[in-house]
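The chain contents come next:
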Amino acid sequence: MKKELKKNANTAVCPFSRRGFLKGMVATGVLASIPAGILRANAWERIHYEGKYDIFRNACPRNCYDTCSIKSYVRNGVLDFIEGAQESTFTDGALCVKGYAYPRRVYSPDRIKYPMKQVGRGTGNWKRISWDEALTEISEKILEIKKKDGSLLGMALDKYSGNFGITHYGVEGMMSSLGYTSRFVGTPCWPAGIDAQNFDMGNMWCNDPEDFVKAKYIIVWGGNPAWNSVHTMKFIYEAQERGAKLVVIDPLLTQTAAKADLYVRVKTSQDGVLALGMARHIVDKKLYNKEFVEKYSKGFVDFVSYLKEKVSVEWAAEQSGVPAELIRQLAEEYAKAEPGTIWAGYGLQRHMNGGANVRAIDALAAMTGNIGKEGGGVRYGHLQTWGFNYNAMVQKQPEGSVGYLGKDKIKSEFTEEQEGKAKYSDRTININKIAESILNIDEPPIRLLWVACKNPFGQDFDRPKLLKAFKKLEMVVVVDQFFNETVQNADIVLPSTTLFEEYTVNVSYWHYWLSINEKAIPEQYEARSDLQIAAMLSTKMNELESGSCTFPQIMDTKVWMEKEFNEGIYKYFGIKSWQDLRSGPKKAKLASSASWHEKKFATPSGKYEFSSDLAADYGHTKLPEYKVRRKAYDKFRVLTPHTQFGLHSQFVNIDYMEDFNKEPFVYINPLAAKVKNIADGDMVKVFNKVGNVTVKAKLTDNVAEDVILMYEAWFRKADFNVQNLVDDESSDMGSYKTGAPGVAIHDQFADIVKA
Amino acid sequence: MDKPKLLEAFRDFFHYGRKEQLREAYTTIGAVCGAASSSEEIDWDLEEFTFNRLFTGPMAPKAPAVASVYLDPEGLIQGAVTAEIRTFYQSIGLSLYEMGSEPEDSLAYELDACRYLLLLARKVPEAAEAYAGFIDKHLAIWVPEFTARAREHCPDSLVVKDVLVRLSEWVENEAGTTTQHKETV
Amino acid sequence: MVNSKKCVGCYSCAQACKNQYHQEPGVVWRDLTPIATKHYPHRERAFYSLACNHCDQPVCAEVCPVQAHVKREKDGIVVHSAEKCIYCHACIDECPYGAAKDNVVLKRAEKCSMCVERVDAGLKPACVLGCPTKALTIVDLATLDNPKAEQYPPGFDKHEALNPSTRFIRPMAPKLALANKDS
């Protein structure tokens, strides 16, 4: 059927313009006499059958180390294909399995096209409404809340990292411009490690990843760059070619582990123990760097005492599952390498003792003098390139706004602390305990929830509790591109643009490149950027009640983008204006590829702090001491790291992706499977106190005997969500820099049975 | 039969998709074609919900009203099929208000193009040829499949279902007519 | 050259091809084949990225009744012209590597042509440019001088009559130190 059609379409629908009669019609005014339709009638123009492409520069705004610079090829207003930018030595021409699916994602028939309203939450009965109607309904609710409670604390924002284009902080700005509101703060992602690095060094600041090539010993610890930072792998390979040894320490035999010279399977979340064991051996053998510990650190003597009293290599071996002999070997190899480097992944800090794990690893690097060295360091992340104006984010509350009288401050790892001089502030709530918060918070309760750049039903913890919590909300507004479980539980959904449909600017928390993101194609249907939504809301609010919203009513995303640039950015990247980025991304002008190269730490003492008083202030030990891990509450440990085929709930639903990733699996060790009578390909039920998941099994010894593995993803055609098994237990650290502790995502347990 | 008016009504039905416009368009269709379903029994809310489930969203639409979905090898919107229709519109002096913001081969736009050609044909004979080609070689090929798929998913609807049937019949009749016309010439 | 030592099975090559040519769902020209555990000890941790091998004696060119498959003199690319295809299925049935894909919807065979339009414009094929670890490269067999390059690595079928042009570097497996149990 389709073949026939293709041929017919070619013989096509006669472009009779060759006879040029349309010109004649214009003269006689015939065209003018035809009543206007929904298509625009033009004076006839030459048809351009073939032409060159229009080239645009974009950047992938996803929460990913690699933040690729993209070159987009557009013709006739349509995005045809994309490439990785070759000007960036990091992106170097390549994207990834997700990025290459963008052309398909932009034009997917499944994209949300218009604002829509669900008549009866969860019924699946939706009406199309105009932007004006949508914004009116929302504005009226906002005004109603203000009247009822005397404040806007009943309106809450749930937002995280769905879009890291810098201008998207305008959503937070939108909230501020309405008044003092409730904000879910914190991050489910990396807060424990951030606090750890801040206690130790005063900031989270990693080397330029391109300097991996200079390392002589590389430990990738609790992270999987072969899946989650593919572009860094080439630098690690280069280091190996120059003679470096790659060691991967992880409870799972990941794809990165398969590329290592040595893979060490450690007991989950006992990384701190292992690091302390190594440290003890380094002390015993006097392999520590005398200059560093004496000149640039505080508390080393206390740390050594602690190690001698409380840590032995044998004990560390027992606790971590790594043989004592090997602990000694690793310690010596690492200490002697010039330099040695450690990549501290985010997985190892998603535990109740996660922050402690990172502190112990930091200590290893510090005591061996690897901090501040090119090719060295403990690499976690950085925010050096994020010094924009955050124009869109910083908005004033309207005159007379009433807020929270507590001492809360809005914290975010990405932006400066916003400390207002006003006596009022926003009410902050732990983003990682959204269900519990909605259920329990009162005076006033949360009435209106605005969700942007996040999918709580896809990603958040204790999903069954979240369903209950949503019933309490009076209005739920969700801004998104595709229908997902959160939209399913919304009252109003607003269609958002993709990166190709707006201007913004992007940087990475890993590499040091800056990319412009140009508007390459028009907004699809009635999609609008978060910025534009804020501007439109402001217009509507002020229409209904003058002065009720201070957000600038600017609809041109280019203007927002331009406002982000400042002298600091120009100098740091050696550019004169954002226009310089149209010829390709630019790299920061770094004095050294090493972070902390001047060894001037941002701690209270100005030194690396083995002993941190600040840590004690926040309820932790001063030294990077052993912290016991979470006790298992069921038979198997459940690990739910990221899939390579999606970024949380983005991309897995695209049909291109389904060619390569058709269905979810649970990976079980053959020994465990045998006991449970489970064969490869059987359907299995994974269950615990939180909920359950039914999924197909694959047997592999990539996992330990008592560990089961599922990749966190949300499929279009499968009823699969690992969050049914994850409770909202907190990690140890995170409150200091991000306002709330993280989540012990990998401290979950379950049992399995053949389904 | 006032064909341009009928096309306008079909177009508006699919373009606006809201209760009031659905009702208005349906009334016009009935007036032009004769005897629509009795309007007392119609649950217009249900019709609107059905319309969105089938064609709009926010869930993945069951039967998107875009030719590419049925004609392009991979259902790729803004691919070769859309490009051809865009070229065709340009050749007859039509374009979207914002090129690239929506696919030109959306049903409503194609119906509008038909309407435009019919009106133009009153003055310019070549427009009639273009209209016949557009129906025969394009609409007649995808609309029946589209309406069939849509009808599988609206068991409780009266109006949406009826409009789909009438649209399909109308396209098939037009194709038949134009073929006949060619034979006699 | 498919360097499975560098390859991390990220599927960027496969998706880059789809991004370039927009093949319909179900039609995949380049795909990753996980290397079986008898050849590589860890399940789904080593791959061969495979499309068309642009053989020296391509069977597709031999059996095609309408010369839709033609091996170019200058660079050896076996170019497929899909519009010539009469869907006789000969190449689909005969290619032992499965390089000729059956497009049941368009009713024709399709195959990787090494992005010949890009190559002619001086650009790299989409998969080569799109590989983040540089595991895919274009090599000149006449001057290739890499002792590690193999024609028939374990898990890749030998068809000497065809003399496939793809060369491989084997993946390496890590030394292991495994804690027995997690608890």
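The following paragraphs examine the structure supplied in this document. Starting afresh in each chain, residues are numbered from 1 along the sequence in its written order. All chains are assigned letters beginning at A, and all ligands numbers beginning at 1, according to the order in which they are written. Owing to the predicted nature of the model, reporting of local features is limited to residues with pLDDT of at least 70; listing and counting of side-chain atom pairs is limited to 80 or more, with chain, interface and lining totals taken over all residues.

## A closer look at the overall build of chain B
Thinking step 1. For chain B, the helix and strand inventory stands at eight helices and one strand.
Thinking step 2. Helix and strand labels come from DSSP, where a helix needs a run of H or I of at least four residues and a strand needs a run of E of at least two; each type is numbered from the N terminus. Sequence-ordered secondary structure for chain B, helices as α and strands as β, is α-α-α-α-α-β-α-α-α.
Thinking step 3. In terms of overall dimensions, chain B has C-alpha extents of about 45 × 35 × 30 Å along its principal axes.
Thinking step 4. Exposure in this text rests on C-beta crowding, where 20 or more other C-beta atoms within 10 Å of a residue's own make it buried, 12 or fewer make it exposed, and counts in between make it partly exposed. The C-beta atoms are placed from the backbone. Residue burial in chain B is summarised as follows: out of 185 residues, 56% are buried.
Thinking step 5. Here the contact rule is simple: place C-beta atoms from the backbone, and any two residues whose C-beta atoms are within 7 Å are in contact. Sequence-distant contacts in chain B: of pairs separated by 6 or more residues, those separated by 24 or more amount to 60%.

## Topic: the environment of V247 of chain A
Residue and element names in this part refer to chain A.
Thinking step 1. Tracing the backbone shows V247 in strand β10 (residues 245–249).
Thinking step 2. Its 23 C-beta neighbours within 10 Å are what place V247 among the buried residues.
Thinking step 3. Not counting the four nearest positions on each side in its chain, V247 is found in contact with I219, A260, D261, L262, V264 and L330.

## Here's the deal with the packing of helix α9 (residues 271–284) of chain A against helix α12 (residues 313–320) of chain A
Residue and element names in this part refer to chain A.
Thinking step 1. Each axis is a line fitted through C-alpha atoms, taken for helices only over the stretch in contact, and angles between the N-to-C directions span 0 to 180 degrees. The geometry of α9 relative to α12 is characterised by a closest axis approach of 9 Å and an angle of 160 degrees between their N-to-C directions. Of the possible angle classes, the one that applies to α9 and α12 is roughly antiparallel. As α9 packs across α12, the resulting crossing turns out to be left-handed. Within the contact between the two elements, α9 uses V273, L274, L276, G277, R280 and H281 and α12 uses V313, A316, A317, Q319 and S320.
Thinking step 2. Looking at the contact of α9 with α12 residue by residue, the classes come out as six nonpolar, four polar and one charged. Here the angle decides the label: under 35 degrees means roughly parallel, over 145 means roughly antiparallel, 65 to 115 means roughly perpendicular, and every other value means oblique. With the far helix as reference, a near helix turned anticlockwise by less than a right angle produces a left-handed crossing, and one turned clockwise produces a right-handed crossing. When residue character is reported, Ala, Val, Leu, Ile, Met, Phe, Trp, Tyr, Cys and Pro are called nonpolar, Asp, Glu, Lys and Arg charged, and the others, Gly included, polar.

## With respect to the sheet that holds strand β25 (residues 683–687) of chain A
Neighbouring strands of a sheet are bound in pairs by backbone hydrogen bonds; such pairs are parallel or else antiparallel.
All names here are of chain A.
Thinking step 1. The strand order around the closed barrel built from six strands is β23-β27-β24-β26-β25-β28, with neighbouring strands paired in mixed fashion. With strand direction ignored, the average angle separating the axes of adjacent strands in the sheet is 45 degrees.
Thinking step 2. Strand direction decides the pairing type here: strand β23 (residues 636–639) and strand β27 (residues 707–710), joined by three bridges, are parallel. Counterpart to R637 in the pairing with β27 is V707. Any two strands with at least two DSSP bridges between them are considered paired.

## Describing the pairing of strand β3 (residues 69–75) of chain A
Every regular strand shows the same layout, with side chains that alternate between the two sheet faces.
All names here are of chain A.
Thinking step 1. Inspection of the sheet shows strand β2 (residues 54–59) paired to β3 by six bridges, in the antiparallel sense. Bridge pairing links R57 to K71 in β3.
Thinking step 2. When β3 meets strand β4 (residues 78–84), the two strands line up antiparallel, connected through six bridges. The partner of V74 across the bridge, within β4, is L79.

## Some thoughts on the pairing of strand β24 (residues 665–668) of chain A
All names here are of chain A.
Thinking step 1. Pairing geometry for β24 and strand β26 (residues 692–699), over four bridges, is parallel. Counted as the bridge partner of V666 is A697 from β26.
Thinking step 2. Sheet topology places β24 next to β27; three bridges connect them, and they run antiparallel. From the neighbouring strand, I668 faces β27, where its bridge partner is I708.

## A short note on unusual backbone geometry
Thinking step 1. The residue after E338 of chain A, namely P339 of chain A, is reached through a cis peptide bond having omega -5 degrees.
Thinking step 2. Inspection of the secondary structure puts P339 of chain A in the loop between α13 (324–336) and β13 (340–344).
Thinking step 3. Look at the link from G57 of chain B to P58 of chain B: it is a cis peptide, with omega at 0 degrees.
Thinking step 4. In this model, Y87 of chain C sits at a positive phi of 60 degrees, which is unusual for a non-glycine residue.
Thinking step 5. Locating Y87 of chain C in the fold gives a position in the loop between β5 (78–80) and α3 (90–94).

## Some remarks on the sheet that holds strand β8 (residues 182–185) of chain A
Residue and element names in this part refer to chain A.
Thinking step 1. With mixed pairing, the eight strands of this open sheet are ordered in space as β6-β5-β18-β17-β16-β7-β8-β15. The sheet is open, and its two borders are formed by β6 (126–128) and β15 (427–430), each paired with just one other strand. Adjacent strand axes in the sheet meet at a mean angle of 20 degrees, parallel and antiparallel pairs treated alike.
Thinking step 2. In the sheet, strand β5 (residues 116–118) pairs with strand β18 (residues 492–495) via two bridges, with the strands oriented antiparallel. Of the residues in β18, the one forming a bridge with M116 is V493.
Thinking step 3. This element, helix α4 (residues 131–149), spans β7 (155–159), β16 (448–452), β17 (475–480) and β18 of the sheet and lies at about 130 degrees to β18.

## Looking at helix α14 (residues 354–367) of chain A
Residues and elements named next belong to chain A.
Thinking step 1. Given a helix with a known number of residues, its expected span is that number minus one, times 1.5 Å. Taking 1.5 Å per residue as the helical rise, α14 with its 14 residues ought to reach 20 Å, and the 20 Å between its terminal C-alpha atoms agrees with that figure.
Thinking step 2. Burial analysis of α14 places 14 of its 14 residues in the buried class, which makes it a mostly covered element.
Thinking step 3. Phi turns positive one or two residues past the end of α14, at G369, with a value near 70 degrees.

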